[in-house]
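# Topology and contacts: notes
Chain by chain, the residues:
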Amino acid sequence: MAELPIPDLPPARCSGRFTISTLLGMEEGGRGPYTPTEGSSCDSIQPTHLSSSTLCTRTFGYNTVDVVPAYEHYANSKGVGDLRKGRPSLADLHSILKVTGGLAVPIASLASPGHAAAPCEVSAGLEEAEGEPGRDSVPEPVRFGWVKGVMIRCMLNIWGVILYLRLPWITAQAGIALTWLIILMSVTVTTITGLSISAISTNGKVKSGGTYFLISRSLGPELGGSIGLIFAFANAVAVAMHTVGFAETVRDLLQEHNSLIVDPTNDIRIIGVITVTVLLGISLAGMEWEAKAQILFFLVILVSFINYLVGTVIPATAEKQAKGFFSYRADIFAQNFVPNWRGPEGSFFGLFSIFFPSATGILAGANISGDLKDPAVAIPKGTLMAIFWTTMSYLVLSATIGACVVRDASGSLNDSVAVGSPGCEGLACSFGWNFTACTQQQSCRYGLSNYYQSMSMVSGFGPLITAGIFGATLSSALACLVSAPKVFQCLCKDQLYPLIGFFGKGYGKNSEPIRGYMLTYVIAIGFILIAELNAIAPIISNFFLCSYALINFSCFHASITNSPGWRPSFRYYSKWTALFGAAVSVVIMFLLTWWAALIAFGIVIFLLGYVLYKKPDVNWGSSMQASSYNMALNYSVGLSEVDEHIKNYRPQCLVLTGPPNFRPALVDFVGTFTKNLSLMLCGNVLIGPRKQKMPESRLMADGHTKWLMKRKIKAFYTDVVAEDLRSGVQMLIQAAGLGKMRPNILVLGYKRNWRTASPQSLEDYVGILHDAFDFKYGVCLMRMKEGLNVSRVLQAHVDPTALACEQQASTIFQSKQGKKTIDIYWLFDDGGLTLLIPYLLGRKKRWAKCKIRVFVGGQINRMDEERKAIVSLLSKFRLGFHEVHILPDINQKPRPEHIKRFDELIAPFRLNDGFKDEATVNEMRQGCPWKISDEEVDKNRAKSLRQVRLNEILLDYSRDAALIAITPPIGRKGRCPSSLYMAWLETLSQDLRPPIILTRGNQENVLTFYCQ
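Now for a quick tour of the structure. Remember, it's a predicted structure, so these values are computed and weren't measured experimentally. (Residues numbered from 1 in each chain as written. Predicted model: local features only at pLDDT ≥ 70, side-chain atom pairs only at ≥ 80, totals over all residues. Heavy atoms only, no water.)

### Topic: unusual backbone geometry
The condition is simple: Exposure categories follow from relative accessible area, calculated using a 1.4 Å probe and restricted to protein chains: below 20% of the type maximum is buried, above 50% is exposed, and the middle band is partly exposed. Here a strand is any run of E in DSSP of at least two residues, a helix any run of H or I of at least four, and the numbering for each starts at the N terminus.
The phi dihedral of K712 falls on the positive side, at around 60 degrees, and the residue is not glycine. For K712, a relative accessible area of 64% puts it in the exposed group. In this structure, Q1003 is a non-glycine residue whose phi angle is positive, near 70 degrees. Within the fold, Q1003 resides in the segment after β12 (996–1000).

Dropping the structure here:
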C-alpha cells in the first residue's frame, strides 16, 4: 500500500528529504500535504493524482511515501514507539489512500490531523532556518580532541605531588621490585576502570556530565544520582587539597628564606585563597583558556621530568655524594631492589595506600565529555594513553632513582673517607663515604629513606622540580575545579534531588555552569581555611574509588543482562574483568581507610534510598531495566516448569474495571488483597470498530497505567477491541496472563441496572459468568449500595496526562475499618475461595482490627455437632477464624411481603406461557431467551425462596458489618434464564449497607491442611 502509482513523466530532481509535516501537514495558501516546501527544491513537470512533490525519488528510483534510512530518524530517540523525525508513521504507510481534491492523503492522517506532525515541527523549522541566508548563525562551542581534551588532562590529574615527594621514599621502603608491584597493582585497577569507561562511553552518544552521566545512564538514576552528588563534592574538596599542597610548597620556600607573611598556618590559607581565586578566573574565562593553562602546566612537568633524567647521568658533585647520590651504580640498584621497611607505615599495604591516590585521576577527561568533539573516540583513546604514559613515568622514576641514591646519607662533606677504611659499614664505603654513625643512630637527614626532596637533589636544576610540583598541584586543582561544576550541572538538570536546580543554569556558547563554579569555589575556600586536610583526604580517595567500583559494575551489569541495546564499539573489555575491578576497588577502599569506606557507603546508601523513595520520572534505558526484564523472564519461564500445588495457590484476578478510574472501589478492593501477593490485571473492553478504537487504545493505555501507579495499586492494565462486551471478555479470559502467571478469578461489579438495561446486555452479563466457569475461573461479584461506576462524576478524560493527574476518588477500602466485623456466609463448599479472600483482606493493616465471623447453614437439632465440625475444619486450615455461627433457620419460609417483592421483581420478565409444552415455550421464547417460563419459575421456587430468606438473615446478622462475603447460587446453563439468575442475586444482596462480595470458586481446593 505504501507504493504510489505514477504516470510516465520526465524525472524530477529532489534536493532534500520530506519531513512528516510536508507529508501530512496542511499549510496556508491551499497547499496540500504533499506539496513541496521552500526547503525542498523539487522541480516537477506536472502534478499527478498525488501531487508534484511525490515525483521526487526520495528512495532509490521509485515513488513512495516511504523514506530511506537517515541519521535524523534516529536522533533524540527515547522510548519504543516514539515517532522519529521525518519518518512516516505505520498508519501513513499502511492505511488506505483517499483522494481529496486531487491529492492522495492517508485516511489515518485525515482522522487525526496533528498526529504525526508534532514531533517534526522542530525538524521542519531547522530546515527552514538553514534556508534563510540573513539569519545569524549560533556561535560554535569550543570542542577538544582526544589529546588536548582527555590525554593531557588525565595525565596532569594523575601526576601529582606523590610523583615528586613520595615515590622516591616508597622506593626506599619497598624496594624497586615491590614498588613496581605496587604501581602495577594500582594501574591494574585504573586500567580495568579505563576499559570499562571506554566500553560505556562508546555505547551511544555521550553528553555532558562525565562520570555521573555514564553511571546514571547505565545503572539508572538511583546509583547514578548518589555517585554524581558525592563525586561532584569530592572534586570540589579535591580542589582545596591540591591548592593546599601548592600553598604548603610555597610556604616552605618562604620559610627557607625567612619571608613568612604571617605564620605557617595562616600563610597556607592566604596563599590558598589567592591561588584558587586565580584558578577560578581561568575557569570562568572559558574552557579554551583553561585548556591553554593545562598545556602550560603539562609542558612545565615534562621539562621538570627531563631535567631529572638529565641529572641522573651528570656526574655527582661532592655535595650530592654527601646526600647519597652517586649516579648509576649496579650495587646501589641491587641493594635498593629489595625492601627495607621502616616506621609505622613500613608495610606493603601501608605504602600501597599512600601511593594509590597518585594513580587516580583517570576520570578527568570523561568529566568534560560535553566539551569533546567526539567523546566516543576521545575518552577511550585519551584515557588509556594517559594511563600508559603515566605508568611508564612512575616505573622509570622508581627504577632510576633506586639505581642512583643510597637509602641513608648524612649530607656532611666531612664524612668522606678513603675506600676500604676500617670501621666503615654500608654501601657508601665503597664510594668513599662513611655514613655509619647516622645510620646506626637513625639520624640521617638525607638518602632515599629520609629526604623527600631527593628528586630535586638529583636533578640537573633543582628549581625546575619545584616548578614541576607547582604544575602538578595547580593542574590537578584546575582539572577538579572544572570537573565538579560540569558533573553537578548535569545532575541539577536531571532534577533527582530538591533545591539544587538553581546551580544547573548554563551561560555562553559552552553552557558554562557559572553558578556551579561559584558553589565549587565556596566549598574549596571552606576547606582551604581549615588548612589541614589529612582527615578529609581518605574520604575523598574513597569517593573516587566508589566511582571506579560503580563504573566497573556498570560495565559488568550492562554486559551480563544481554540487552540488545548494549553494543559498545570499543571491544577490548571483559565483563568478568570489570567485575574483578569493581571488587578490587571496594577492597582497596577498606584497605586505605576502613572508617572512610563505611562513611562513603553510608552516604551512597542514604542518597540511593532517597531516590528510590522519590521515584523520579526519568527513563534512560538503564541496565537495571534490562536486568529486571531478564529476571522476570527467567522466573516466569522457571515457574512454568513447576507443577502447581494447593499450598502455593494465589488468587490471581482479572478485574473487569473498564477504565480503572471509573471503578476505583473495585480496583481498591482487589488491590488490597493482591498487593505484594498475587497478580492483578485490570481489563477493559473497547466496544466498536477496530479502526476507530485502536487509536484510543494506544492513547489511553499509558494514562491508565500511570493512574494505577499514582494510586499505588500494583496491577497491570490491558484492553481489547471487540464487537461486544462478551466476546471481548472471552478474549481477555483466554489470552490474559503469561505462563503460570495467569488469572484464575474473574472479578466484576454487580450490574445494578439489569432491569432497565437492554435485554441483550443482560444476556451478555450472565453469559460472561457462564464463560468464566467454562474456563475454570472462580467468580467474584462486588456490590456496593452507592454503586461502583463514578464515570458520570469524572466526565471521562481523553487526554492521558489529565487522566494521570486527576484527583483520586476516595473509597471505603482506603480507610481504616476499626473494630467492625467481616461476615463470611460459607453456604456452599466451593473449594474455600469464599474463606480465602476475606482472610487475605484481614491481614492488611486497615482491616486488621476487624473480627471475622463465619456463618454456615445447619439443622436445629444438630447445631453443636455441626459447629464443632466447622471449627475443627477451620482450625486445620490455620485461618484464625474462631467465631462460627450455625444458621438453623436458613430453610424457614420467608415473610410474605418479601416473597411478594420477589414475584414483582421477576414479573416483567415472565413468559406467562401457562405451563405449555417445551416446544411451544421455545417457540414463544424465540428472540427473547431471557424470558422465564412458568415451569422454570415453579421448578426453581425453592431456590428462589432461599435467596429471599438469606437476605432476611443478612439483614438480621450483618447490617453493621464492614464487609459481607457470601457464596452465591449458580444458575445452570441453558436451564436458568439470565433474568431469573439476576433476580436471585438482586434479592440476595438488596437493602444492605456494607459492600457485598459474592464469591464462587471453581470447585477445586484452594485451601489445604496437609504439609505436602
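### What to know about the packing of aromatic side chains
For clarity, the threshold we go by: Stacked, tilted and edge-to-face are the three classes assigned to paired rings of Phe, Tyr and Trp, where Trp is represented by its six-membered ring and a pair needs centres within 6.5 Å; plane angles under 30 degrees give stacked, over 60 edge-to-face, the rest tilted.
In this structure the tally under the stated criterion is 27 aromatic pairs. Between F233 and F527, the aromatic rings sit 6.1 Å apart at their centres with planes inclined by 70 degrees, giving edge-to-face as the arrangement. Residue F233 is located in helix α9 (residues 221–256), and its partner F527 is located in helix α19 (residues 514–530); the two are separated by 294 residues in the primary sequence. Using a relative accessible area of 37% as the deciding quantity, one classes F233 as partly exposed. Among the aromatic side chains, those forming a connected cluster through ring pairs are F669, F673, F813 and W847.

### Concerning the nonpolar core
Here is the rule we go by: The criterion is simple. A nonpolar core is a set of buried Ala, Val, Leu, Ile, Met, Phe, Trp, Tyr and Cys residues joined through side-chain atoms within 4.5 Å. Residues are treated as being in contact if the distance between any of their heavy atoms lies within 4.5 Å.
In terms of nonpolar packing, the biggest core is built from 130 residues, with Y164, I182, I197, F355, Y394, V405 and I588 touching the most fellow members. Once you skip the residues sitting within four places of it in the chain, V405 turns out to touch G324, F325, I332, N336, G447, L448, M457 and V458. Counting 55 residues, the second-largest nonpolar core is a separate cluster that includes A772, V937, C976 and A983.

### So, the packing of helix α8 (residues 210–219) against helix α18 (residues 462–494)
Worth spelling out the cut-off: To obtain an axis, a line is fitted to C-alpha atoms, over the contacting stretch when the element is a helix, and the angle between two such axes runs from 0 to 180 degrees between their N-to-C directions. An angle below 35 degrees is treated as roughly parallel, one above 145 as roughly antiparallel, one from 65 to 115 as roughly perpendicular, and anything else as oblique. In the scheme used here, Gly and all other residues not listed as nonpolar or charged are polar, with Ala, Val, Leu, Ile, Met, Phe, Trp, Tyr, Cys and Pro taken as nonpolar and Asp, Glu, Lys and Arg as charged.
At a minimum axis separation of 8 Å, α8 and α18 run at an interaxial angle of 40 degrees. Taken together, the axes of α8 and α18 lie oblique to each other. Here Y212, F213 and R217 of α8 come into contact with α18, specifically with V487, C490, L491 and D494. Here the contact of α8 with α18 is composed, by residue class, of five nonpolar, no polar and two charged.

### Remarks on the side chain of S554
Locating S554 in the fold gives a position in helix α20 (residues 537–560). Residue classification places S554 among the buried positions, given a relative accessible area of 0%. In this structure, S554 is in contact with I200, I215, S218 and L219, ignoring residues within four places of it in sequence.

### What about the sheet that holds strand β9 (residues 851–857)?
Hydrogen bonds between backbone atoms are what pair the strands of a sheet, whose relative direction is either parallel or antiparallel. As a reminder, the rule being used: Strand pairing requires that DSSP identify at least two bridges connecting the strands.
The ten strands lie next to each other as β5-β4-β3-β6-β7-β12-β11-β8-β9-β10, forming an open sheet whose pairing is mixed. The sheet terminates laterally at β5 (716–722) and β10 (883–887), the two strands that pair on one side only. For this sheet, the mean angle separating the axes of adjacent strands, direction not counted, is 20 degrees. Bridging between strand β8 (residues 821–825) and β9 involves five bridges; their strand directions are parallel.

### Let's talk about the state of the cysteines
To keep it simple, the criterion reads: In this description, a disulfide is simply a cysteine sulfur pair whose atoms lie within 2.5 Å.
Scanning all chains against the criterion turns up one disulfide. Bridging C438 to C444, the disulfide has an S-S length of 1.9 Å. Taking the torsion about the S-S bond as the criterion, the C438 to C444 disulfide, at about 80 degrees, is right-handed. C490 forms no disulfide, and the closest cysteine sulfur to it belongs to C492, at a distance of 9.3 Å.

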